[in-house]
Amino acid sequence: MSAATAINPDSVSGPIGRPPLVPLATLIGRELREETSDTPIVKYEYYNYAKRGEDLVLIKPDCLRVPNDPSTSFSVFGVFDGHNGVSAAVYSKEHLLDHVMSAVPEGISREEWLQTLPRALVAGFVKCDIDFQRRGEVSGTTATLVVIDGLTVTVASVGDSRCILVTPGGELSLLTVDHRLDDNEDEVNRVRASGGEVGRLNICGGQEVGPLRCWPGGLCLSRSIGDMDVGEFIVPVPHVKQVKLPSMGGRLIIASDGIWDAMKSDVAVKSCRGLFTKEAARTIVKNALRTSGLKDDTTCLVVDVITTVRNVTAGAELSLPSPKKAQKLKALFFGKRSHSMGDEGKAGRASRSVGSVEELFEEGSAMLEERLPSRASSDPFRCAICQVPQSPTEDLLMDSDTEKSQNQLDGPFLCTDCRKKKDAMEGKNRPPKPPKNR
């Protein structure tokens, strides 16, 4: 259903022959007339223009948690923006989802699956990074992975590709966090605390130019998959956000930084308002190229999640509100953040209304103890990252420091290799700095 479409550069500067604008609710209503399913319908298209050929897209609309059981279906979409070669992006596209699913226990219910998914995404991203680095290649990639199960959307991301959500009521939500050092002071502090150096390029005369970069390596990002040549303080631990869409569904725009360097999120939403997915993706890419030219690979994937609620019918008109009104709607509808889907406060329950988005989970810490299941809540002798069973007699977590040993036992169970990876990411394995000469 989807296909990459190259743009003729000669046509970029010309006017876009776009069809008449149609409100998003009307588009949903029209598409519903063609479907008979009572479950949410996923429509998708992507459009890209390549300069280096390092942007890749993952589209898997018909995944099953349990083989041959259609009731366990879910969809996965991803954007991978490679750098220093395409190999990390290719590897992540081919293996990341498998690593995530290997961290999901078998035989669990849908509710348990959705509760487990944020931790499984963390394990999958780290496992993908470990396995790719073993290949000895220096390529790296951003990764934005979107999992859609019914009306529940879970997004995990490292780097500066972005996923935004807009509802038929005009509510715009950013589902990712940019891991650019220029835009994220917390990440700057984390990199420095882990032993990395952060600064701009120095030219003649000591003048600093360009964006903030990690040294060694000079990468502008603080999180990615791969990049084995720039230090372990560039971590693959993703920011994860999980939301429940309103009963009318919504539109996701997933795109590489070639889009977001050229336009803000609200501009991207406005530029594709009233367009079906194929024309929406095409319009966003062409507007980005018109704004900034072809400086980088430019990729946009548009996904519509469509529901068969009775109040959305063919011909229904629902105009997007003004930005000021949209902000009021967002403040009204968003409940308090909950780090457990079962722990739902009054605000979370009140947010379940037509047109609202409910936040279920959000976490962005780079500390694996906070992101992976504890030894007490999982298989006590299976590594929480690589999922390889370990010998019960192998003492992998004990330390001569009794207090430290207890803290490790309370955290995730990790095999020797994965614990080395964790310690390296946190700067525990770096050699001490030599004393300064007085």
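Here we summarise the structure given alongside this text. Keep in mind that what you see is a predicted model, and the values were worked out from it rather than measured. (Residues numbered from 1 in each chain as written. Predicted model: local features only at pLDDT ≥ 70, side-chain atom pairs only at ≥ 80, totals over all residues. Heavy atoms only, no water.)

Comments concerning the pairing of strand β3 (residues 73–83)
Alright, step 1. Along β3, ten of the eleven residues are buried, which leaves the element largely enclosed by surrounding structure.
Alright, step 2. Relative to β3, strand β2 (residues 55–64) is paired through eight bridges, and the arrangement is antiparallel. Bridge assignment links L56 to a residue of β3, and that residue is F80.
Alright, step 3. Looking at chain direction, β3 and strand β5 (residues 143–149) are connected through five bridges and run antiparallel. Of the residues in β5, the one forming a bridge with S75 is I148. (Buried < 20%, exposed > 50% of the residue type's maximum accessible area, 1.4 Å probe, protein only. Helix = DSSP H or I, 4+ residues; strand = E, 2+ residues; numbered from the N terminus. Pairing = 2+ DSSP bridges.)

A closer look at unusual backbone geometry
Alright, step 1. A cis amide bond links W215 to the next residue, P216, at an omega of 5°.
Alright, step 2. Counting through the fold element by element, P216 comes out in the loop between β10 (208–215) and β11 (225–226).
Alright, step 3. Its identity is not glycine, yet N84 carries a phi of approximately 60°, on the positive side.
Alright, step 4. Residue position: N84 is located in the loop between β3 and α2 (87–102).
Alright, step 5. The backbone phi angle of D227 is positive, close to 55°, even though this residue is not glycine.
Alright, step 6. Looking at where D227 falls in the secondary structure, it is placed in the loop between β11 and β12 (239–244).
Alright, step 7. Residue classification places D227 among the buried residues on the basis of a relative accessible area of 3%.

Focus: the nonpolar core
Alright, step 1. F125, L145 and I385 are the most contacted members of the largest nonpolar core, which totals 48 residues.
Alright, step 2. If you list the elements that add at least two residues to this core, you get β2, β3, α2, α3 (110–133), β5, β6 (152–158) and α11 (416–425).
Alright, step 3. Per-element tally for this core: the top contributor is α3, with twelve residues.
Alright, step 4. Ignoring any residue separated from it by four or fewer positions in sequence, one finds L145 in contact with L58, V76, F77, G78, F80, L96, V100, L121, F125, T154, V155 and A156. (Core = buried A, V, L, I, M, F, W, Y, C linked by side-chain atoms within 4.5 Å. Contact = heavy atoms within 4.5 Å.)

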